[in-house]
Structures are given as C-alpha cells and as structure tokens.
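As a plain string of letters, each chain reads:
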Amino acid sequence: MQCALCQQERALCDSHIIPSFVYAWLKETSATGYMRLGREINRRVQDGLKPKLLCEECEKRFSQFEKPFAANLFYPLHKDDALRLSPGPWFRYESWCMKFVASVSWRVLTFFSQLGLKNFTEEQQRATKVALSTWRSFLLGESENPRAHELHMILLDRMADHTFSNLPKNFNRYLVRSIEPDVVRGKESIFVYAKMCRVLIIGFIQKSPNEKWRGTKLHVRKGEIGGLNYELPSQLLKNMCDRAQRLIELETKLSPRQRQKIDDEFEKQKERALNSECLSISLYDYEMFGPPDVDSKE
Ligand SMILES: [Zn+2]
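What counts, and at which threshold
- Residues numbered from 1 in each chain as written.
- Predicted model: local features only at pLDDT ≥ 70, side-chain atom pairs only at ≥ 80, totals over all residues.
- Heavy atoms only, no water.
- Helix = DSSP H or I, 4+ residues; strand = E, 2+ residues; numbered from the N terminus.
- Rg over C-alpha atoms; globule rule 2.2 N^0.38 Å.
- Buried < 20%, exposed > 50% of the residue type's maximum accessible area, 1.4 Å probe, protein only.
- Contact = heavy atoms within 4.5 Å.
- Areas by Shrake-Rupley, 256 points an atom, 1.4 Å probe, with all protein chains shown as cover.
- Polar contact = N/O pair within 3.5 Å; in protein donor to acceptor, adjacent residues only side chain to side chain.
- Pairing = 2+ DSSP bridges.
- Bend = angle between axes of the 7 residues up to and from the residue.
- Donors = N, O, S within 2.8 Å, 3.2 Å for Na, K, Ca; no water.
- Expected span 1.5 Å × (residues − 1).
- Axes fitted to C-alpha atoms, helices over the stretch in contact; angles between N-to-C directions.
- Salt bridge = Lys/Arg side-chain N within 4 Å of Asp/Glu carboxyl O.
- Phe/Tyr/Trp six-rings, centres within 6.5 Å; stacked < 30°, edge-to-face > 60°.
- Lys NZ or Arg CZ within 6 Å of the ring centre and 35° of its normal.

Participant: I'd like to hear about the overall build of the protein, residue by residue, with values.
Facilitator: Across its full length, the protein carries ten helices and eight strands. Relative to the globule expectation of 19 Å for 298 residues, the C-alpha radius of gyration of the protein, 19 Å, shows essentially globular dimensions. Based on the C-alpha atoms only, the size of the protein along its principal axes is roughly 55 × 45 × 40 Å. Residues classed as buried in the protein amount to 52% of the 298 residues present. When contacts within the protein are restricted to residue pairs at least 6 apart in sequence, those whose partners lie at least 24 apart make up 71%. In the structure as shown, the protein presents an accessible area of about 15000 Å², 49% of it carried by carbon and sulfur atoms.

See below:
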C-alpha cells in the first residue's frame with residue numbers, strides 16, 4: 001500500500017492521528033485509568049484513531065518532532081501549575097514545534113479527506129488539497145515553510161474567571177481534558193482543529209483576513225508561546241462551547257451498565273480517583289457552574 005506521506009509502496013503501520021502520548025496523559029490522570037471517547041462512549045478504549053497511514057520510515061520521521069514536543073512542551077504544560085498561572089510567555093520552542101504541529105494538522109486533514117469532506121464546496125475541496133500538499137512538502141523538507149496554510153497553537157488552562165453567560169457546565173473539563181480531531185468550516189475560515197488536552201492546534205486551510213488571531217501563530221525556526229497575551233475570534237469560543245455541550249449530550253447516552261462499571265472502578269481505586277486531575281477539574285466545574293446534569297466520571 002502507498003504511504004500517505006512519502007507516497008512509496010510500503011508496508012503501512014497503524015498510525016496515530018492524535019499522538020499516543022496525549023492519550024497516555026489522559027489515562028494517567030483519569031479517575032479510573034480508562035478512557036471513553038466521543039461516539040463510542042459505551043466502550044472503554046486504550047488509544048485513539050489508528051488507521052493504516054504511514055510507512056515505518058515516515059513514522060520515525062514524525063517521532064523526531066513528537067519526542068521534543070512531548071518532553072519540552074506538552075508534559076511541562078500539564079504538570080507545572082505555577083507556570084500556567086504566570087503571564088507568559090510559557091515556552092521557547094525550536095524547529096520541532098512547527099514540524100510537530102504540521103504533522104498533526106496533516107494527519108488530521110488526511111484522515112478526514114480520506115473519509116470524504118462531503119459538505120465541502122469544490123473550491124473548499126481544492127483548498128484542502130493545496131493545504132495537504134503544502135504541509136506534506138514542509139514535512140518532507142522540500143519547502144521552507146507552510147506558506148498561506150499557517151499553523152497556530154493555543155495553550156489552554158481552566159478559566160480563572162469569566163463573564164460569559166450560558167457556558168456549558170463541563171467547560172473547564174472540556175478545556176483541559178478533551179481530545180478531539182476535526183476539520184472546522186466556519187463562516188470565514190476553514191481549519192484543522194486538533195484538541196489535545198491543554199494544547200489546541202489550528203491548521204488553516206483557508207484563513208480570513210477579517211478574523212483576529214493574535215499571539216498564536218507559530219514560526220518555523222523558533223519562537224515563544226503561551227500565556228495570557230493572545231486574541232482569538234469569538235466564533236472559536238462559541239464553537240468550543242458547542243463541542244463541550246455535545247460531550248454532555250454524549251455522556252447522557254452512557255448505558256446504566258457502563259455507568260455501574262465506572263462506579264465500581266472508582267470504588268476499587270478510590271485513592272487514585274480522589275487525587276486525579278479528572279476529579280479535581282470536575283469539582284472546579286461544579287464550583288463554577290453548579291451541579292452537572294449528568295454524572296461525568298472517567
Ligand atoms: Zn512513508
């Protein structure tokens with residue numbers, strides 16, 4: 001079969017769309033050590049989407065960026081509470097950062113394109129193909145930068161405070177613990193949306209000049225990221241609220257049998273569960289928004 005990146009005929013691996021260290025972190029900090037993802041809410045899973053996508057060589061190529069990203073940014077971001085309270089910038093990065101972000105954007109978009117972006121217009125389909133080939137040649141070292149298909153990253157944390165009305169009751173948990181790959185077709189822009197716990201990657205297929213994305217754009221060789229000094233289109237917050245709300249709706253579909261299984265697991269590992277990030281963020285949501293409409297243990 002043909003590798004999607006190098007396009008050589010090779011044996012293909014089960015390739016992660018969202019890197020495995022993200023799922024590992026979610027499990028490690030869950031109350032029960034298990035995950036339930038999106039539509040498959042009634043099934044415990046160990047890992048995310050893994051289609052046959054890349055040859056072994058290209059997997060290795062990606063792991064060169066993945067390792068420094070996990071070690072220098074992802075883990076410190078998730079473990080260092082004091083860092084996240086500082087005004088920032090939180091991190092200085094080097095060339096591994098944009099390559100990693102390009103690799104995730106490319107993987108997510110490749111995955112969704114293979115499924116077929118049926119609601120896209122012809123023009124949007126064309127733009128998607130251009131974004132894919134631009135990111136691909138950047139990843140293969142054939143071009144210097146991702147040109148118009150800018151790569152952005154937003155480092156998230158729970159909200160200190162807010163002045164919005166009608167935020168979903170799980171919004172802090174959504175901000176810090178959800179994993180979600182998607183392609184978003186907004187009013188003005190189209191982009192890859194790769195939510196990986198506290199890291200949100202935005203890879204632009206089409207970017208509107210009318211929208212303000214400030215302090216989130218990545219640079220090829222080096223740069224600084226994270227902190228309180230950024231500005232995003234309000235549409236993005238609305239989109240994230242809808243996603244968090246959808247998660248609440250999915251959790252109402254959890255069967256009584258599965259709910260019992262979670263409760264049993266919770267009892268069995270009470271000490272772990274009570275000290276987990278999962279529980280502390282759910283309590284934080286409770287304090288901010290009141291009792292949840294559905295019980296949402298992981
Ligand atoms: Zn390959």
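Don't stop here, the text continues.
Participant: Please provide a residue-by-residue account of the side chain of Gln 124, values included.
Facilitator: Along the chain, Gln 124 turns up in helix α5 (residues 122–139). Among the polar contacts listed, one links the side chain of Gln 124 to the backbone nitrogen of Thr 121, at a separation of 2.9 Å. Every residue in contact with Gln 124, bar those within four places of it in the chain, is listed here: Asn 119, Arg 185 and Ile 190.

Participant: Account for the pairing of strand β4 (residues 151–155), naming residues and giving values.
Facilitator: Where burial is concerned, most of β4 is hidden: five out of the five residues are buried. Pairing between β4 and strand β7 (residues 199–206): five bridges, direction antiparallel. From the neighbouring strand, Leu 155 faces β7, where its bridge partner is Val 199.

Participant: Could you give me a rundown of helix α2 (residues 56–79), with the residues and numbers involved?
Facilitator: At Ala 70, α2 shows its maximal bend, which comes to roughly 45 degrees. Within the span of α2, buried status applies to Cys 58, Phe 62, Phe 65, Glu 66, Pro 68, Phe 69, Ala 70, Leu 73, Phe 74, Leu 77 and His 78.

Participant: Just give me the short version of the coordination of the zinc ion, but keep the residues and values in it.
Facilitator: Coordination sphere of the zinc ion, protein contribution only: Cys 3 (SG), Cys 6 (SG), Cys 55 (SG) and Cys 58 (SG), at 2.3 Å. Counting gaps between the donor residues of the zinc ion yields the pattern C-x2-C-x48-C-x2-C. Assigned by exposure class, Cys 3 and Cys 6 land together as buried.

Participant: Give a description of helix α4 (residues 95–115) that names residues and reports values.
Facilitator: Given a rise of 1.5 Å per residue, 21 residues ought to cover 30 Å, and the 31 Å separating the end C-alpha atoms of α4 matches this to within 8%. For α4, the tally of buried residues reaches 17 of 21 residues, placing the bulk of the element in the interior. Positive phi shows up at Gly 116, right after α4, with a value of about 100 degrees.

Participant: Explain the sheet that holds strand β5 (residues 179–185) residue by residue, including any values.
Facilitator: The strand order β4-β7-β6-β5 describes an open sheet built from four strands, whose pairing is antiparallel. Two strands lie at the open edges of the sheet, namely β4 and β5, each paired on one side alone. Neighbour to neighbour, the strand axes of the sheet diverge by 15 degrees on average, direction disregarded. Sheet topology places strand β6 (residues 190–196) next to β7; seven bridges connect them, and they run antiparallel. Bridging across to β7, Ala 194 finds its partner in Ile 201.

Participant: Please provide a residue-by-residue account of the pattern of salt bridges, values included.
Facilitator: The final tally for this structure, using the stated rule, is 19 salt bridges. Here the salt bridges do not stand alone but share partners, grouping Asp 81, Arg 84, Asp 157, Arg 177, Arg 198 and Glu 277 into one network.

Participant: Talk me through the environment of Val 22; I want residue IDs and the actual numbers.
Facilitator: Tracing the backbone shows Val 22 in helix α1 (residues 20–28). Assessed through its relative accessible area of 0%, Val 22 is described here as buried. Taking the C-alpha atoms as reference points, Val 22 and Arg 177, separated by 155 residues in sequence, lie 9.8 Å from one another. Filtering out sequence-adjacent residues up to four positions away, Val 22 remains in contact with Phe 74, Ile 179, Met 196 and Cys 197.

Participant: Go over the packing of aromatic side chains, please, and point to the residues and values.
Facilitator: With the rule as written, the count across this model stands at 13 aromatic pairs. Measuring from centroid to centroid gives 6.5 Å for Phe 62 and Phe 65, while their planes differ by 45 degrees, and the two rings are tilted. Of the two residues, Phe 62 and Phe 65 are both situated in helix α2; the distance of three residues between them amounts to about one turn of the helix. Just as Phe 62 is buried, Phe 65 falls in that class too. Ring centres of Phe 191 and Trp 213 lie 5.7 Å apart, and the angle between their planes is 80 degrees; this geometry places the pair in the edge-to-face category. Of this pair, Phe 191 sits in strand β6 while Trp 213 sits in the loop between β7 and β8 (223–225), and the two are 22 residues apart along the sequence. Each residue in the set Phe 21, Trp 25, Phe 69, Phe 74, Tyr 75, Trp 96 and Phe 100 is aromatic and connected to the rest through ring pairs, giving one cluster. Positioned above the aromatic ring of Phe 138, the side-chain terminus of Lys 99 is 4.3 Å from the ring centre. Cation over ring: Lys 195 sits above Tyr 174, and NZ or CZ is 5.3 Å from the ring centre.

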